[in-house]
Amino acid sequence: MKIAFIGAGSIGFCRQLFTDVMSVPELRDAEIVFMDVNPDNLDMVRQLCQRDVDANGLSVKIAATTDRRVAVKDADYIINSIRVGGLEAFETDVEIPLKYGVDQCVGDTLCIGGIMYGQRVIATMLDICKDIRELAKPDVLHLSYSNPNAMATWACNQYGGVNTLGLCHGELHGEDQIVEVLGLKRHDLDFTCAGLNHQTWYLSVKHNGVEMRDRLLEGFLKHEKFSREEKVRIDILRRFGYYSTESNGHLSEYVPWYRKRQKDIADWIELGNWINGETCGYLRICKESRNWFETDFPNWLKEPARKYDGSDRGFEHASYIIESLETRRMYRGHFNVINRHCIENLPEDCIVEVPCYADGNGISVPRIGALPLGCAAILNQTVSVQRLAVEAAINGDDMLLRQAALLDPLTGAVLDPNEVWQMVDELLIAQEKWLPQYASAIAEAKQRWQAAEASGSLIPPKPYEGTTRLKTRSIEELSKDAEKMRAMVSNAAKEKVEV
């Protein structure tokens, strides 16, 4: 068996996924290949994981390559966590819209940041799919963690011709909150979630067969910590009747109500943790994590190795899916799959996140039925934006891209059409080297920009730096809390550690 990790330079995340795989005895004979376009990050993560392997007394030898075709050749499983353009491109996703007044916390799934992120990722995903079709095993399974997850998974399945499951951990963290609010044990609760990635709803929370969902609003309102940190999610729960899986910061930028007026944003945001909604919070924490890891890496090699006895195994779905398919042990999780009437009131070709079962027979997807009307209405608007964004990325169609931005809930709530048109031009120009499919559109955007500059008709930027923005900390400042930073960088899930 061969397992390839694409985007392995995401050091903390790749190390956790690899630890998960090595925690399954039946998978320890697999051929392992790490691939990334960044040779420095690739070498660091290979060193770290090989050190862990050796300390556990295993004979696995990790191969590392910058050649994607070498990595996917004869692969049975491909775990993909690419971020096209890295932080350089991601910074434009959030900084340029902020000049126009679009205030994002994350910018990797929806809103204008997620739409642009999708343009870059989908173009590269199609190239990856071509390599997979030509070189991997015929029944290869592509496990994608890359954001925007639904858009990328949609493109891979419909246009890439590769069997792709989208994976995410957001639903698991919401379960942790619900367990705490109800004061019960996790293994005593049965959760059913359904919706879209990062916009999934807890449709049912049962304890010994008794539905507990109606107790959630009161529980969250009374909870000292969550009542401060999850104001958007609690407000959605109050008005729509269902709790959302996604964090306060994520959810606040997927709907039009909480970040559209600068003077009101702080009312919904708590700054104890960036994921609660801080302006450009994910960009800040990514920069701090990158800078810290580059400085702190020698200390990582001095720390105790990860254990492969199961005690350091995480909750990411990938290793459990591979284990189930190879050993026939059943696993239940929430995966991103083609709808195919699983959720009746969402389009059949969109990508939904729903409960699935993995075992020796493959992946089984039960029918959910219809979502509550209000929940479905929110998601149908998101699907329309996703569809436009996917088709734009596939065809390099900047008109569809602009329409996606216009119809995006938050972008449309903040900007008028002229502002959207100019912002998209600026984003296309800034991201030219990652958007080969837009070559002609970018040339035209440059001409328009130059003409508007010459005539003085450019819409001026707003004097706005974000209602709830914090400064990126220096290495000296970060070193004052070294253990917390080390935990943040090494942790697979971005929501888990408060920094």
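Parameters and conventions
Residues numbered from 1 in each chain as written. Predicted model: local features only at pLDDT ≥ 70, side-chain atom pairs only at ≥ 80, totals over all residues. Heavy atoms only, no water. Helix = DSSP H or I, 4+ residues; strand = E, 2+ residues; numbered from the N terminus. Rg over C-alpha atoms; globule rule 2.2 N^0.38 Å. Buried < 20%, exposed > 50% of the residue type's maximum accessible area, 1.4 Å probe, protein only. Contact = heavy atoms within 4.5 Å. Lys, Arg positive; Asp, Glu negative; His and termini not counted. Charge placed at Lys NZ, Arg CZ, Asp CG, Glu CD. Expected span 1.5 Å × (residues − 1). Axes fitted to C-alpha atoms, helices over the stretch in contact; angles between N-to-C directions. Parallel < 35°, antiparallel > 145°, perpendicular 65-115°, else oblique. Left-handed = near helix turned anticlockwise from the far one by under 90°. 1 Å grid on protein atoms, 1.4 Å probe; cavity = no way out; pocket = protein on both sides within 12 Å on 5 of 7 lines; lining within 4 Å. Points joined across faces, edges and corners; volume = space filled by probe spheres on them. Nonpolar A, V, L, I, M, F, W, Y, C, P; charged D, E, K, R; others polar. Arc of directions from axis to C-beta. Polar contact = N/O pair within 3.5 Å; in protein donor to acceptor, adjacent residues only side chain to side chain. Phe/Tyr/Trp six-rings, centres within 6.5 Å; stacked < 30°, edge-to-face > 60°. Lys NZ or Arg CZ within 6 Å of the ring centre and 35° of its normal. Salt bridge = Lys/Arg side-chain N within 4 Å of Asp/Glu carboxyl O. Pairing = 2+ DSSP bridges.

1. Things to note about the overall build of the protein chain
Then, in step 1: A tally of regular secondary structure across the protein chain gives 21 helices and 12 strands.
Then, in step 2: A compact globule built from 499 residues should have a C-alpha radius of gyration of about 23 Å, and the protein chain, at 22 Å, falls within 12% of that.
Then, in step 3: A principal-axis box enclosing the C-alpha atoms of the protein chain has dimensions of 70 × 55 × 50 Å.
Then, in step 4: Among the 499 residues that make up the protein chain, the fraction classed as buried is 59%.
Then, in step 5: Taking the contacts inside the protein chain whose residues are at least 6 apart along the sequence as the reference set, 70% of them involve residues at least 24 apart.
Then, in step 6: With 57 positive and 73 negative side-chain charges, the protein chain shows a separation of 2 Å between the mean positions of the two kinds.

2. Details of helix α19 (residues 439-455)
Then, in step 1: Helix length check: α19 (17 residues) gives 25 Å between terminal C-alpha atoms against 24 Å at 1.5 Å per residue, within 8%.
Then, in step 2: Those residues of α19 that are buried lie in contact with α16 (398-407) and α18 (417-430).
Then, in step 3: After α19 finishes, the residue glycine 456 shows a positive phi value of roughly 75°.

3. Here's the deal with the packing of helix α1 (residues 11-22) against helix α2 (residues 39-55)
Then, in step 1: Taken N-terminus to C-terminus, the directions of α1 and α2 make an angle of 30°; their axes are 10 Å apart at the nearest point. It follows from the interaxial angle that α1 and α2 lie roughly parallel. Crossing of α1 over α2 shows right-handed handedness. Residues Ile11, Cys14, Arg15 and Phe18 of α1 touch α2, and the partners they reach there are Asn41, Met44, Val45, Leu48, Cys49, Arg51, Asp52 and Val53.

4. A few points about empty space enclosed by the protein
Then, in step 1: Evaluated as defined, the whole model comprises 1 cavity of 30 Å³ or more.
Then, in step 2: Its volume calculated, the largest cavity comes out at about 40 Å³.
Then, in step 3: As for the largest cavity, its lining consists of Thr109, Pro148, Asn149, Ala150, Met151, Asn197 and Gln386.
Then, in step 4: If one sorts the elements of the lining of the largest cavity by residue count, helix α6 (residues 149-158) sits on top with 3 residues.
Then, in step 5: Class assignment for the residues of the lining of the largest cavity results in 3 nonpolar, 4 polar and no charged.

5. Side note on α16
Then, in step 1: Within α16 the residues assigned to the buried category are Asp398, Leu401, Arg402, Ala404 and Ala405. Relative to the axis of α16, the buried residues are bounded by an arc of 155° and lie together on one face.
Then, in step 2: Where α16 is buried, its residues contact α5 (111-135), α15 (373-395), α17 (409-414), α18 and α19.
Then, in step 3: N-capping of α16 is provided by aspartate 397, with a side-chain oxygen placed 3.0 Å from the backbone N of methionine 399.

6. Describing the packing of aromatic side chains
Then, in step 1: A complete count under the given rule lists 20 aromatic pairs for this structure.
Then, in step 2: Here the aromatic rings of phenylalanine 13 and tyrosine 145 are separated by 5.0 Å at their centres, their planes lie at 85°, and the arrangement is edge-to-face. Residue phenylalanine 13 is located in helix α1, and its partner tyrosine 145 is located in the loop between β5 (141-144) and α6; the two are separated by 132 residues in the primary sequence. Considered together, phenylalanine 13 and tyrosine 145 belong to a single accessibility category, that of buried residues.
Then, in step 3: Measuring from ring centre to ring centre gives 5.9 Å for phenylalanine 220 and phenylalanine 226, while their planes differ by 40°; the resulting arrangement is tilted. There is no split in this pair, since phenylalanine 220 and phenylalanine 226 are both buried.
Then, in step 4: Put simply, the rings of Phe191, Tyr202, Phe220, Phe226 and Tyr243 pair up and form one aromatic cluster.
Then, in step 5: The cationic tip of arginine 83 hangs over the ring face of phenylalanine 90; the distance from NZ or CZ to the ring centre is 5.2 Å.

7. Focus on the pattern of salt bridges
Then, in step 1: All told, the structure shown has 39 salt bridges when counted by the stated rule.
Then, in step 2: Here arginine 228 ties to glutamate 224 by a salt bridge, and the two come within 3.1 Å at their closest N and O atoms.
Then, in step 3: Judged by relative accessible area, arginine 228 falls into the partly exposed class, the value being 33%.
Then, in step 4: When the shortest N-O distance is used, the salt bridge between aspartate 235 and arginine 238 registers 3.0 Å. In this pair, aspartate 235 and arginine 238 are both assigned in helix α10 (residues 231-240), 3 residues apart and thus about one turn of the helix distant.
Then, in step 5: Note on aspartate 235: relative accessible area 4%, which makes it buried.
Then, in step 6: Overall, arginine 238 belongs to the partly exposed group, its relative accessible area being 43%.
Then, in step 7: Where salt bridges share partners, they join Arg68, Arg69, Lys130, Asp131 and Glu134 into one cluster.

8. Here we look at the side chain of serine 324
Then, in step 1: For serine 324, the position within the fold is in helix α14 (residues 317-327).
Then, in step 2: Only 2.7 Å separates the side chain of serine 324 from the backbone oxygen of arginine 329, close enough to count as a polar contact.
Then, in step 3: If we ignore the near neighbours within four places in the chain, the residues touching serine 324 are Arg329, Met330, Tyr331, Ala358, Asp359 and Gly360.

9. Observations regarding unusual backbone geometry
Then, in step 1: Residue asparagine 147 is joined to proline 148 through a cis peptide bond whose omega torsion reads -10°.
Then, in step 2: When you line up the elements, proline 148 lands in the loop between β5 and α6.
Then, in step 3: Of note, cysteine 280 is a non-glycine position whose phi angle comes to about 55°, a positive value.
Then, in step 4: Note that cysteine 280 resides in the loop between α12 (262-265) and α13 (281-300).
Then, in step 5: Of note in the backbone geometry, histidine 341 takes a positive phi value of approximately 70° without being a glycine.
Then, in step 6: Along the chain, histidine 341 falls in the loop between β10 (331-338) and β11 (351-359).

10. Quick look at the environment of histidine 250
Then, in step 1: In this fold, histidine 250 is placed in helix α11 (residues 248-252).
Then, in step 2: For histidine 250, a relative accessible area of 0% corresponds to the buried category.
Then, in step 3: Remark: the alpha-carbon pair of histidine 250 and lysine 471, spanning 221 residues in sequence, is separated by 20 Å.
Then, in step 4: Among the polar contacts made by the side chain of histidine 250, one reaches the side chain of tyrosine 254 at a distance of 2.6 Å.

11. A few points about the pairing of β10
Then, in step 1: Where burial is concerned, most of β10 is hidden: 6 out of the 8 residues are buried.
Then, in step 2: As paired strands, β10 and β11 are joined by 8 bridges and run antiparallel to one another. Looking across to β11, one finds that asparagine 336 is bridged to glutamate 353.

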